[in-house]
Structures are given as structure tokens and as C-alpha cells.
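Summary of the model geometry
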Amino acid sequence: MKKWMLCSLGLWMATLGYAESGRVFTLTTAGDVAPGLKANARAYLQDNSGVVVEAAADLEVDVSRPLDEIGREAAEAMEDSSFAVIVLARPTEERPQGVCLPHEHFAVLNIAKLEAAGDPAKLSRRIGQEGLRVMAMLLDMSPCPFPLCVLVGYDKPEELDQMSGNFCPPCRDRFARLSAEKGLRMLSEGDEIVLSE
Ligand SMILES: [Zn+2]
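As the structure is a prediction and not an experimental result, all values here were calculated from the model.

**Overview of the pairing of strand β1 (residues 24–31)**
Taken across its eight residues, β1 has seven buried, putting it largely inside the fold. The pairing of β1 with strand β2 (residues 53–55) spans three bridges and is classified as parallel. Paired with Phe 25 across the bridge in β2 is Val 53. Where the polypeptide runs from β1 across helix α2 (residues 35–49) and back to β2, its parallel neighbour, the crossover connection is right-handed.

**Comments concerning the nonpolar core**
Nonpolar side chains tend to gather and get buried jointly when the protein is soluble and globular. Judged by nonpolar contacts, the single largest core of 41 residues is most densely connected at Phe 25 and Leu 151. Counting only elements with at least two residues in this core, the list comes to β1, α2, β3 (82–90), β5 (106–110), α4 (120–138) and α5 (169–181). The next biggest cluster of nonpolar side chains, apart from the first, holds 14 residues, and it includes Leu 67, Ala 74, Val 85 and Ala 89.

**Here's the deal with the coordination of the zinc ion**
Coordination sphere of the zinc ion, protein contribution only: Cys 144 (SG), Cys 149 (SG), Cys 168 (SG) and Cys 171 (SG), at 2.3 to 2.4 Å. Here the zinc ion binds four donor atoms, and the angle range of 105 to 112° at the metal identifies the geometry as tetrahedral. Along the chain, the residues donating to the zinc ion are arranged with the sequence spacing C-x4-C-x18-C-x2-C. With Cys 144 in the loop between α4 and α5 and Cys 168 in the loop between α4 and α5, this residue pair connects regions lying 24 residues apart in the sequence. Its relative accessible area of 9% is what places Cys 144 among the buried residues. Taking relative accessible area as the criterion, Cys 168 reaches 3% and is therefore assigned buried.

**Considerations on the side chain of Gln 129**
Residue position: Gln 129 is located in helix α4. Exposure remark for Gln 129: the relative accessible area of 0% places this residue in the buried category. Polar side-chain contacts of Gln 129 include one of 3.5 Å to the backbone oxygen of Met 163. Residue contacts for Gln 129: discarding those within four places in its chain leaves Tyr 44, Val 150, Leu 160, Met 163, Ser 164 and Gly 165.

**As for the packing of aromatic side chains**
For the structure shown, the criterion picks out two aromatic pairs. Relative to Phe 83, the ring of Phe 25 has its centre 5.4 Å away and its plane inclined at 85°; by these criteria the two rings are edge-to-face. In this pair, Phe 25 sits in strand β1 while Phe 83 sits in strand β3, placing the two residues 58 residues apart along the sequence. Under the relative-accessibility criterion, Phe 25 is labelled buried at 0%.

**A few points about α4**
Between its first and last C-alpha atoms α4 spans 26 Å; for 19 residues at 1.5 Å apiece the expected length is 27 Å, and the two agree. Counting buried residues in α4 gives 14 out of 19 residues, a clear majority hidden from the surface. For α4, the capping residue at the N-terminal end is Asp 119, with a side-chain oxygen 3.2 Å from the backbone nitrogen of Ala 121. One or two positions beyond α4, positive phi appears at Asp 140, with a value near 65°.

**Looking at the sheet that holds β5**
Strand order in this open sheet of five strands is β2-β1-β3-β5-β4, and the pairing throughout is mixed. At either margin of the open sheet sits one strand with a lone partner, and together these are β2 and β4 (98–101). On average, each strand axis in the sheet is tilted by 20° relative to the strand beside it, whichever way the strands run. With four bridges joining them, β4 and β5 adopt antiparallel strand pairing. Residue pairing in the sheet places Cys 100 in a bridge with Ala 107 of β5. On the sheet, α2 packs against β1, β2 and β3 and is oriented at approximately 165° with respect to β2.

**A look at the environment of Thr 92**
Turning to its location among the elements, Thr 92 is positioned in the loop between β3 and β4. The class of Thr 92 is exposed, set by a relative accessible area of 57%. Once the C-alpha coordinates of Thr 92 and Asp 32 are considered, the two residues, 60 residues apart in sequence, prove to be 9.0 Å apart.

Here is what the cut-offs are and how they apply
Numbering of residues starts from 1 in each chain and follows the order in which that chain's sequence is written. Two thresholds apply to this predicted model, a pLDDT of at least 70 for residue-level local features and 80 or more for giving and counting side-chain atom pairs, whereas whole-chain, interface and lining totals are computed over all residues. Side-chain measures were taken over the full set of non-hydrogen atoms in the model, leaving aside hydrogen atoms and water. Accessible area is worked out with a 1.4 Å probe on protein chains only. A residue is then buried under 20% of its type maximum, exposed over 50%, and partly exposed in between. Helical segments are the DSSP runs of H or I of at least four residues, strand segments are the runs of E of at least two, and each set is numbered from the N terminus. Pairing between strands is defined by DSSP: at least two bridges between the two strands are required. We call a crossover right-handed when, viewed with the strands running away from us, the connection from the first strand over the helix to the second turns clockwise. Definition of nonpolar core: a set of buried residues of the types Ala, Val, Leu, Ile, Met, Phe, Trp, Tyr and Cys, connected through side-chain atoms within 4.5 Å. For Na, K and Ca the donor cut-off is 3.2 Å, while for other metals it is 2.8 Å, and in both cases only N, O and S atoms qualify; water is not among them, so sites may look incomplete. Under this scheme a four-donor centre is tetrahedral when all angles range from 85 to 135 degrees, a four-donor centre is square planar and a six-donor centre octahedral when opposite donors are above 155 degrees with the rest from 65 to 115, and any other centre is irregular. Whenever a nitrogen or oxygen atom comes within 3.5 Å of another N or O atom, the pair is scored as a polar contact, on the condition that within protein one atom can donate a hydrogen and the other can accept it, and that pairs from neighbouring residues in sequence are kept only if both atoms are in side chains. The contact criterion used throughout is that any non-hydrogen atoms of two residues lie within 4.5 Å. Ring pairs are drawn from Phe, Tyr and Trp, using the six-membered ring of Trp, whenever the two centres fall within 6.5 Å, and their geometry is named by plane angle: stacked under 30 degrees, edge-to-face over 60, tilted for the rest. A helix is expected to span 1.5 Å for every residue after the first. Interaxial angle, 0 to 180 degrees, is taken between N-to-C directions of lines fitted to C-alpha atoms, where a helix line uses only the stretch in contact.

Printed below as a string of C-alpha cells:
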């Protein structure tokens, strides 16, 4: 009985220590991105990935530059506690849908390509889905063949609306295992998740 109590206390302390340390995903923006979009994306990503996503100050960068340059600048501005940075960018010029370079620890999503005819809820969901996809890529996960998984391949942004908003159970397990291997901070029950309107 006593032994069990000691053991469980040890586990509890280990859990506490773990919750307070570890690296995190960082979320930032570049260009004209509404603050609510960043807040919603952060909540969506934390809720569906199970790891901590911290919001950083908006990046002050020339958004007419190529996406990889924007991402590199964001990665340089990261704190040591950041594992990788995800930039929600609204470029001023025609740019690809996004760029994700796992070995450089950044991803940039061009949210202009995800616009849904003025439907903010749809745009938020698409950003959340693409955010999960790049988080998985940043952990070197591969696409998933299972149709009910957010990691399945697609061609046009409109297809995201018919797709799952989350990982399938095996991908979720894989994500959790890789996150632990990389020393990422897991979301604990006390971490607040608030969706802004
Ligand atoms: Zn999957």
C-alpha cells in the first residue's frame, strides 16, 4: 500500500515536471491576418494535437517576399523553447499555398489560398486542418491513406471541407509518440482552450 502511494506520487511529480518543460510549437502571423484567426488556430491545433502551441508576436516582415524567406525569418526569431514555428501569412503577391521545411523547423501557410468566399468559420477550419498537416510534417510523419484522416492527400482547398478535421487514431498515436520522442510539451488538463468568436 505504502509502496504504491510512493510510486504514484513519483509518477505525479514526473508528470508535473514534464508538463512544465519541453519544447513547443509556436504560432505567428505575417501580413494582414485577423487576431481571431490566430487565436482560433491555436485552440484548434492544441485541442486536436494534444501538444502545446504557443502564440508569438506577429512577425514584422515584408510579405511580398517568398514564403520560405518569411519562414526562415520566423524561425530565426523563435525562442529556444520552440521546436518549430508555423506562420499564418497573407502575402501581398501571388504565392504558393504553403511551404514546410522540417529540417529548418518552419512552415508557412498562405491563408489567402484558403479563403472560403467570406465564410470565417470555414476559413478557420481549413487553417486548423492545414495547421495539423504541417505539424505532422514537421514531425516527419508521412501522408495517410485512410480517407477519414486529416493527413489524406487532396488537390483543392474546397476538398478540405469534406475531409476529416482530425487525425485518424493510428496517426494520432504516431503523432503522440513522435512528440514525446522530440521532447514536446503535452497539453495538460489545466491548459485553457478558448475559441474566440
Ligand atoms: Zn491517418
